[in-house]
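So you can see what is in the structure, the chains are spelled out below.
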Amino acid sequence: MFKYQFRWDTVFGSFDFLMSGLQMTLIISAMTLVLAMVLGLIIALMDMSRFAPLRWIGISIGEVIRNTPILVQLLWVYYVLPIVFGVRIESLTALVIGLSLYQAAFISEVYRSGIQGVPKGHREAAQVLGLTPVQSFFRIVLPQAVRMTLPPLASNFVQLIKFSSLGAVISVSEITRRGMELSATNFRPLETFTFIAVVYFIICWPLAMGIRWWERRLQAR
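Residues numbered from 1 in each chain as written. Predicted model: local features only at pLDDT ≥ 70, side-chain atom pairs only at ≥ 80, totals over all residues. Heavy atoms only, no water.

Peer 1: Looking at this structure, I do not really get the packing of aromatic side chains. What am I missing?
Peer 2: When we look at a pair of aromatic rings, we describe it by the centre distance and by the angle of the planes. Under the defined criterion, the tally for this structure stands at 8 aromatic pairs. Centroid distance Tyr78 to Tyr79: 4.9 Å. Interplanar angle 70°. Geometry classified as edge-to-face. Residue Tyr78 is classed as partly exposed on the basis of its relative accessible area, which comes to 24%. Ring pairing ties together the aromatic residues Tyr4, Phe6 and Trp8, which thus form one cluster. One Lys or Arg, Arg178, reaches over the ring of Phe17 and ends 4.7 Å from the middle of that ring. (Phe/Tyr/Trp six-rings, centres within 6.5 Å; stacked < 30°, edge-to-face > 60°. Buried < 20%, exposed > 50% of the residue type's maximum accessible area, 1.4 Å probe, protein only. Lys NZ or Arg CZ within 6 Å of the ring centre and 35° of its normal.)

If you want it as structure tokens, here you go:
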């Protein structure tokens, strides 16, 4: 019969070490979400541009990123970009760039659906009031689109928290990497990674439940 003596003290004795990794995880997720929201809006506007070359560039960027594995993209940013541009890219920078581009490709679709979901009559009313297309977009269309896209954007934040664990592959000191380093010294991977999985669950599950509640409230309105 399989017998295993759990040693949770080996994990709790390194609690501060793991929590510093969690802090890095949350910082990476927040930074990446902000960048991805900006890049996603740019890609979405390119997708809906009247200029065919700009539209095709936006569509191509989105399709390539959405249809290739995120781990491959991270490794490409970390190993290939320094070769192409002849500059050294830190692992943290590579992770932020890779995650931002990946999430931006999906967030662009969220923005696009939100923008296209604004009633056409609102745009026409803005034109009647004498607003320019740019003023109409930023004063009328974008505020309504943002309200409709907030729950999906929040869901992307939950995804980013989980995707940040891929930084362990390129030696970013987030919580998963700290767990790998700890298990290499205490030889207790079961306790270490079980604890890390619980930490991820404690963070992501309430956020996911809150987002579902938020979506139901918006639908009820």
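That was the structure; now back to the text.
Peer 1: I tried to follow the pattern of salt bridges on my own but got confused; where do I start?
Peer 2: Pairing of side chains with opposite charge becomes possible as their charged atoms draw close. All chains considered together, the criterion is met by 7 salt bridges. Put simply, Arg88 and Glu90 hold a salt bridge, and the shortest N to O gap is 2.4 Å. Residue class for Arg88 comes out exposed when judged on its relative accessible area of 70%. With relative accessibility at 43%, the residue Glu90 sits in the partly exposed group. The partner of Glu181 in a salt bridge is Arg177, and the shortest N-O contact between them spans 3.6 Å. Of this pair, Glu181 and Arg177 are both found in helix H8 (residues 175–186), 4 residues apart, which corresponds to roughly one turn of the helix. The network of salt bridges with common partners includes Glu63, Arg66, Glu109 and Arg112. (Salt bridge = Lys/Arg side-chain N within 4 Å of Asp/Glu carboxyl O. Helix = DSSP H or I, 4+ residues; strand = E, 2+ residues; numbered from the N terminus.)

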